[in-house]
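One letter stands for each residue in the lines below.
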Amino acid sequence: MALLQISEPGESTAPHQHRLAAGIDLGTTNSLVASVRSGVTDTLPDKDARHLLPSVVRYRADAAPVVGYQALAAATEDPLNTIASVKRLMGRGVEDVKTLAEHLPYEFVPGSSGMPLLHTAGGDVSPVEVSAEILRTLKTRAEESLGGELAGVVVTVPAYFDDAQRQATKDAARLAGLKVLRLLNEPTAAAVAYGLDQGGDGITAIYDLGGGTFDVSILRLNKGVFEVMSTAGDTALGGDDLDRLVADWIMQQAGMQAGASHVDMRRLMLAARTAKEALSEQTSATVVLELDGTANWTGELTRDRLDELIAPLVEKTLGPCRRALRDAGIRAGDVQSVVMVGGSTRVPLVRERVAGFFKTELMVDIDPDRVVAVGAAIQADILAGNKPDSEMLLLDVIPLSLGIETMGGLSEKIIQRNSTIPTARAQEFTTFKDGQTAMSLHVVQGERELVDDCRSLARFELRGIPPMVAGAARIKVTFQVDADGLLSVIAEEQTQGVTSSIDVKPSYGLSDNEIETMLRDSMDSAAGDRDQRRLREEQVEADRVLEALHSALASDADELLGDAERASIDAAAQALAAVRRGDDYREIKRAIAAVEQASSGYVERRMNSSIRSAMAGHKVDEFKAP
Ligand code: ADP
Ligand code: MG
């Protein structure tokens, strides 16, 4: 998995012409925009000197939506029209959203093209449109403070984002009027922010604990180039969960009843979060909770108490850390530096446990909220052509293997999981039947052997294959994953050059938990899968044998077969037909052997007869050795 430095074709410009570029961290909880100005990279503040933009959009009837702190402040009074955490909905279908919706206060309505819409006072809006509002706000901020139009941006996405989620992010940027130079994985951006690409070779872990999600990635720097060795995480673990634990404690202390109003719940969550954040600096915090109508409550929360409450959750982040190390094939001791990303890594207990786990000092000098945007800005500056000598593009990995369905419902993996991108790999396939002129290609994603256990990404057909005997055609199928992680598949018939291709843009994405589940399933079921694969392979072989036999019998059985021999071949073929859909691969194998045995004389005569017909009209001399 060695990585190469690649320069983007046609992206270089004259060195003196500075083009305005920005990096955008489009976060679940908070978003930021950063830029390189006179060699210094930093995030850009709003008019009130605030760098973070809460990723919250409030829709109103007959008025433009509001974004950020103003929207966040309205969340209490107007929860249904105030959309938060929209990143979780990006690239998801109606079905995916149904499960997520249980935890969200919004009203969903199905839209056309399988995209769910959120019903608000300002109309029905898609997650892509909501994200576009956030991006538009950051674009305006950047253009006002840089004093000109942005030539292009780099937008960061979680490393595990699949095609649909990446595509949705790109669509949102386009909708906001931004030119996306490329999408960049968040951990890679963080490593760039620390200049790890400039330092000595070594292995880095990126620990990113944000508002609602946790990600850990292992990167290896090799001769100045990054390689992403593995990624892991938990999509339902973050600062919000810490808030919930603190809120539970407050409810208990204040004697609050469950089933409080929306307004009271939001106030409670805000009080919990404020106390938690204060405890990153102080060892004790006063909690003041004002409730709707009823009495107020004031209490004291100590850091020790907080640590006790949140310890199990902090511990839970170490599971994915172990998994990432295992996938990368390394041990904790091999990790030289650990970069801390995300607001929740300010929590002292988090730092303590992570430092203990990796047994190394943590990199915390750059504000953990800003570090991803800073790395993205550095990359955007390079891609915009402002630094002609450093043309490095960082390469990332794909989260699940990509493959094609072969006979018997098996998945033939063409690009392995954790392969670095961009990448292209080709494999040859052939026809199953004599005279087959079309081939149906089914692109799947996942680690399992059977297609039914993988996720279907796309189907397309290759037509115009010249008719040949089964197994003679050569169809080259190429999988290509571009720098943004988007897949295209090309199938080409090798003799005539007929091609067919598809860009894989599924209408809905795979949830990150599904990715986790699919990985876990593939590990749990490896042995069972092997038996299943053997069974499917024998079933396909049985079909092939019967197909070939029938086509042979139809063409020359009358000349070459006597009645008795014909009867025994038919009996063996019938026996095979009877067991070929059974679930015992040994039985099918035996039946195939029986057919081969019964037809061996016939097959030999056929071969001789075809040699004879090939030689007909020629003189024997021609075939003599010279
Ligand atoms: P995301 O990447 O999901 O958008 P962020 O990286 O912005 O999220 O992290 C937001 C989370 O960080 C919130 O849960 C917030 O409470 C938490 N956070 C911010 N500052 C602090 C702090 N000083 N101490 C503890 N947690 C903090
Ligand atoms: Mg983040």
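Cut-offs and rules
Residues numbered from 1 in each chain as written. Chains lettered and ligands numbered in written order. Predicted model: local features only at pLDDT ≥ 70, side-chain atom pairs only at ≥ 80, totals over all residues. Heavy atoms only, no water. Pairing = 2+ DSSP bridges. Helix = DSSP H or I, 4+ residues; strand = E, 2+ residues; numbered from the N terminus. Axes fitted to C-alpha atoms, helices over the stretch in contact; angles between N-to-C directions. Near = heavy atom within 4 Å. Polar contact = N/O pair within 3.5 Å; in protein donor to acceptor, adjacent residues only side chain to side chain. Areas by Shrake-Rupley, 256 points an atom, 1.4 Å probe, with all protein chains shown as cover. Nonpolar A, V, L, I, M, F, W, Y, C, P; charged D, E, K, R; others polar. Phe/Tyr/Trp six-rings, centres within 6.5 Å; stacked < 30°, edge-to-face > 60°. Buried < 20%, exposed > 50% of the residue type's maximum accessible area, 1.4 Å probe, protein only. pLDDT = per-residue confidence, 0-100. Contact = heavy atoms within 4.5 Å. Parallel < 35°, antiparallel > 145°, perpendicular 65-115°, else oblique. Expected span 1.5 Å × (residues − 1). Arc of directions from axis to C-beta. Salt bridge = Lys/Arg side-chain N within 4 Å of Asp/Glu carboxyl O.

*Asks:* Looking at this structure, I do not really get the sheet that holds strand β24 (residues 423-429). What am I missing?
*Replies:* Remark on secondary structure: sheet strands pair via backbone hydrogen bonds, oriented parallel or antiparallel. Taken together, the four strands give an open sheet; going across it, the order is β24-β27-β28-β29, and neighbouring strands pair in antiparallel fashion. Of all the strands in the sheet, the pair left with one neighbour each is β24 and β29 (499-503). The average angle at which neighbouring strand axes cross in this sheet is 15 degrees, direction not considered. One ladder, built from seven bridges, connects strand β27 (residues 475-481) with strand β28 (residues 487-493); its direction is antiparallel. Bridge pairing links V481 to L487 in β28.

*Asks:* Quick question: what am I supposed to make of the site of ligand 1 here?
*Replies:* Near ligand 1 you find 17 residues, and of these T29, N30, K276, E277 and S280 are the closest. Contact distances for ligand 1 include 2.9 Å between an oxygen atom and a backbone N or O atom of G211. A distance of 2.7 Å is found between an oxygen atom of ligand 1 and a side-chain nitrogen or oxygen belonging to E277. Burial of ligand 1 by the protein chains amounts to 91% of its free accessible area of 580 Å². Within the residue set of the shell around ligand 1, elements represented by two or more residues are α6 (239-254) and α7 (262-278). For the shell around ligand 1, the element with the most residues is α7, which contributes three residues. Here the residues of the shell around ligand 1 sort into one nonpolar, 11 polar and five charged.

*Asks:* Hey, could you run me through the packing of aromatic side chains in this one?
*Replies:* The description of an aromatic ring pair uses the distance of the two centres, along with the angle that the planes make with each other. Within the structure shown, the criterion is met by two aromatic pairs. Plain terms: the ring middles of Y207 and F214 are 4.8 Å apart, the flat faces sit at 55 degrees to each other, and that makes the pair tilted. As far as the burial class goes, Y207 and F214 line up, both buried.

*Asks:* Sorry, what's going on with the confidence of the model for the protein here?
*Replies:* For the protein, per-residue confidence averages 84 on the pLDDT scale, and 86% of positions sit at 70 or higher. Strand β20 (residues 396-397) is the least confidently modelled element of the protein, averaging 60 in pLDDT, while strand β4 (residues 53-54) averages 98, the highest of any element. Scored below 50 in pLDDT, residues 506-510 makes 26 contacts in the model with residues more than four places away or belonging to other chains. Ignoring residues within four places in sequence, the model shows residues 617-626, a span with pLDDT below 50, making two contacts including any to other chains.

*Asks:* Before we go on, may I ask you to explain the sheet that holds strand β10 (residues 123-125) in this structure?
*Replies:* The strand order β8-β9-β10 describes an open sheet built from three strands, whose pairing is antiparallel. Since the sheet does not close on itself, it has two edges, and those belong to β8 (107-110) and β10, each with one partner. Averaged over neighbouring strand pairs, the angle between their axes works out to 40 degrees when direction is ignored. Inspection of the sheet shows strand β9 (residues 116-120) paired to β10 by three bridges, in the antiparallel sense. By the bridge assignment for β10, H119 is matched with D124. Contacts from helix α3 (residues 127-146) reach β9 and β10 within the one sheet, and its direction differs from that of β10 by about 90 degrees.

*Asks:* Sorry if this is basic, but what is going on with the pairing of β27 here?
*Replies:* Along any regular strand, the residues point their side chains to alternate faces of the sheet. When you tally the buried positions in β27, you get five out of seven residues, the bulk of the element. Taken together, the seven bridges between β24 and β27 define a ladder with antiparallel strand orientation. The partner of T423 across the bridge, within β27, is V481.

*Asks:* Help me understand the packing of helix α8 (residues 303-316) against helix α9 (residues 318-328), please; the structure alone is not making it clear to me.
*Replies:* Packed helices, taken two at a time, are described by the angle their axes make and the gap between the axes. Contact pair α8 / α9: the axes reach a minimum separation of 4 Å and the direction vectors enclose 15 degrees. Classified by the interaxial angle, the pair formed by α8 and α9 is roughly parallel. Residues V314, E315 and K316 of α8 form the contact with α9, whose own contacting residues are L318, G319 and P320. Across the contact of α8 with α9, the residue classes break down as three nonpolar, one polar and two charged.

*Asks:* What exactly am I supposed to notice about the side chain of S35 here?
*Replies:* Among the secondary structure elements, S35 is positioned in strand β2 (residues 30-37). A distance of 2.8 Å separates the side chain of S35 from the backbone oxygen of A21, its partner in a polar contact. Contact partners of S35, with chain neighbours within four places excluded, come to A21, V40, T41, D42, L44, L146 and A377.

*Asks:* Please explain helix α15 (residues 585-598) as it appears in this structure.
*Replies:* The α-helix winds at 3.6 residues per turn, so residues separated by three or four positions along the chain end up facing the same way. With 14 residues, α15 extends 20 Å between its outermost C-alpha atoms, agreeing within 8% with the 20 Å of an ideal straight helix rising 1.5 Å per residue. Listed in full, the buried residues belonging to α15 are Y585, I588, A591, I592, V595 and A598. For α15, the buried positions fall inside an angular range of 150 degrees around the axis, keeping them on one side. Set apart from the buried face of α15 by more than 90 degrees, the exposed residues are R590 and Q597. The N-cap residue of α15 is D584: its side-chain oxygen and the backbone nitrogen of R586 are 3.0 Å apart.

*Asks:* Even after reading the chapter, I still don't get the pattern of salt bridges, so can you show me in this structure?
*Replies:* Two side chains that carry opposite charge are able to pair once their charged atoms sit near each other. Throughout the structure, instances matching the rule amount to 26 salt bridges. A salt bridge links R544 to E541; the shortest N-O distance between them is 2.9 Å. Highlighted residues: R544 and E541, both in helix α13 (residues 526-560), separated by three residues, approximately one helical turn. Overlapping salt bridges, with partners in common, bring together D42, R346, D367, D369 and R370 in one network.

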